[in-house]
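What follows is each chain in one-letter form.
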Amino acid sequence: MATFYNQATLTYRGGATNSNIVTGEFREVLSANKVATTENYALGEELTYLVNIINTGTSTLTALSVTDDLGAYPVGTGTQTPLTYVEGSALYFVDGVPQSAPTVTSRDPLIVSGLSVPAGSNALLLYRALPNAFAPLAVGSTITNTATITGPGVPTPVRASETVTVQSGTALSITKSLSPTTVSDGERLTYTFVVENGGNEAAVATDDLVVTDVFDPVLSDLVVTLNGVTLPEGSYTYDEATGEFSTAPSVITVPAATYTQDPGTGEWTLVPGAAVLQVSGIV
């Protein structure tokens, strides 16, 4: 309910007098709520949003539009949008019954128009969005996007917002290289393993990262370093008969990625955290 007030004024022969103030209640017949089907977001993973529009009035509301800002936020003198609408994903239901695909008249902001909600009914608008290069990724980051419903018979825009939080965790990968690539008997070669972490949380000792390999040809006189520091015996195991190598659990840790936002464009750059394991030996 919204309260409104009104007062009349009577003027006469240069004078004026006011009436009493009348008070009324404007019953808002349209309401909305919005939810995401997941609480967390990550790059490359689509989010699905549901906007539920409820008409408690006695007349059908037609020609409604839903405008979603897709989480737009200020950057420098402008704004950037951290979510990208997934083309063709908009679906529209009335009382649970599928309707013809709604009309998308804009993609940034997302504007869906031509919706109708019968009296005493609800309409559900569903669409998907993908976090992009302007989505913050550091631990605790959030995206809040707001849907605004407007149209004839809606004197005050109806708004509904949803907030999702960045997914926290590690995102590990490993690459291996060899130097030199051509060796002879009695020469030393080095295997380099780079473990990268694109996640916003560090891989710590209790994560029990273990690198295993079977060297062929078998190596002797092994030297193992982690981030340039020689590992002591017990930090790894090696079988000179089979070439089987393994680091001990809890030895390798990898820092979280770092995220830097360009103050001009608002684009985020990710630099993975890394740990470098090198194993060298004589062929």
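Above this text is the structure in question.
In this report, the structure presented in the accompanying data block is examined. (Residues numbered from 1 in each chain as written. Predicted model: local features only at pLDDT ≥ 70, side-chain atom pairs only at ≥ 80, totals over all residues. Heavy atoms only, no water.)

### Considering the packing of aromatic side chains
Within the structure shown, the criterion is met by five aromatic pairs. Taking 5.8 Å as the distance between ring centres and 35° as the angle between the ring planes, the aromatic pair formed by Tyr 236 and Phe 245 counts as tilted. Both residues of the pair, Tyr 236 and Phe 245, count as buried. Of the aromatic side chains, those joined through ring pairs into one cluster are Tyr 191, Phe 215, Tyr 236, Tyr 238 and Phe 245. Over the aromatic face of Tyr 49 sits the side chain of Lys 34, whose NZ or CZ is 4.8 Å from the ring centroid. The ring of Tyr 191 has Lys 176 lying over it, and the distance from NZ or CZ to the ring centre is 4.6 Å. (Phe/Tyr/Trp six-rings, centres within 6.5 Å; stacked < 30°, edge-to-face > 60°. Buried < 20%, exposed > 50% of the residue type's maximum accessible area, 1.4 Å probe, protein only. Lys NZ or Arg CZ within 6 Å of the ring centre and 35° of its normal.)

### Remarks on the pairing of strand E22 (residues 236-239)
Only one face of E22 is covered, namely the one carrying Tyr 236 and Tyr 238; the face carrying Thr 237 and Asp 239 has none of its residues buried. Here E22 runs beside strand E23 (residues 244-247); their pairing, made up of four bridges, is antiparallel. The partner of Thr 237 across the bridge, within E23, is Ser 246. The turn joining E22 and E23, which pair antiparallel and follow one another in sequence, is formed by four residues; a positive phi near 85° is taken by Gly 243. (Helix = DSSP H or I, 4+ residues; strand = E, 2+ residues; numbered from the N terminus. Pairing = 2+ DSSP bridges.)

### Some points on the nonpolar core
Ranked by internal contacts, the top residues of the largest apolar core, which has 39 residues, are Tyr 127 and Ile 149. In contact with Tyr 127, other than residues within four places in its own chain, are Lys 34, Leu 47, Thr 48, Tyr 49, Val 51, Asp 68, Tyr 85, Ser 89, Ala 90, Leu 110 and Ala 147. In terms of nonpolar packing, the next biggest core, distinct from the first, is built from 21 residues, Val 195, Val 211, Leu 231 and Ala 275 among them. (Core = buried A, V, L, I, M, F, W, Y, C linked by side-chain atoms within 4.5 Å. Contact = heavy atoms within 4.5 Å.)

### Some words on the pattern of salt bridges
Within the structure shown, the criterion is met by five salt bridges. The partner of Lys 34 in a salt bridge is Asp 68, and the shortest N-O contact between them spans 2.7 Å. One end of the pair, Lys 34, is in strand E3 (residues 30-36); the other, Asp 68, is in strand E6 (residues 61-68), with 34 residues separating them in the sequence. Under the relative-accessibility criterion, Lys 34 is labelled buried at 4%. Looking at Asp 68, the relative accessible area reads 1%, which means it is buried. With its nearest N and O atoms 2.6 Å apart, the salt bridge here joins Glu 46 to Arg 128. Separated by 82 residues along the polypeptide, Glu 46 in the loop between strand E4 (40-41) and strand E5 (47-55) and Arg 128 in strand E14 (residues 121-131) bring together distant segments of the chain. For Arg 128, a relative accessible area of 29% gives the class partly exposed. (Salt bridge = Lys/Arg side-chain N within 4 Å of Asp/Glu carboxyl O.)

### Some remarks on the pairing of strand E16 (residues 158-166)
Two strands pair when backbone bridges link them, and E4 and E16 are joined in this way by two bridges, in the parallel orientation. When the sheet's bridge partners are listed, Asn 40 is paired in E16 with Thr 165.

### Topic: the sheet that holds strand E12 (residues 103-107)
Ordered in space as E4-E16-E15-E6-E13-E12, the six strands form an open sheet in which the pairing is mixed. The open sheet terminates on both sides in strands that have one partner only, identified here as E4 and E12. By the bridge criterion, four bridges tie E6 to strand E15 (residues 142-150) in an arrangement that is antiparallel. If you follow Val 66 over to E15, its bridge partner there is Ile 149.

### Brief notes about the environment of Thr 103
In this structure, Thr 103 sits in strand E12. Exposure remark for Thr 103: the relative accessible area of 47% places this residue in the partly exposed category. Among all residues touching Thr 103, those that are not within four sequence positions of it are Ile 111, Val 112 and Ser 113.

### Considerations on unusual backbone geometry
Across residues other than glycine, the phi torsion is negative in most instances, and most of the peptide bonds are trans. Geometrically, the link from Asp 108 to Pro 109 is a cis peptide bond, its omega value of 0° lying close to zero. The peptide bond linking Asp 216 to Pro 217 adopts the cis configuration, its omega dihedral lying at 15°. Topologically, Pro 217 is positioned in the loop between strand E19 (212-214) and strand E20 (220-226). The phi angle at Ala 63 is positive, at roughly 55°, despite the residue not being glycine. In this fold, Ala 63 is placed in strand E6. Given the relative accessible area of 43%, Ala 63 is considered partly exposed. Phi at Asp 95 takes a positive value of approximately 50°, unusual for a residue other than glycine. Here Asp 95 is to be found in the loop between strand E10 (91-94) and strand E11 (97-98). Residue classification places Asp 95 among the partly exposed residues on the basis of a relative accessible area of 45%.

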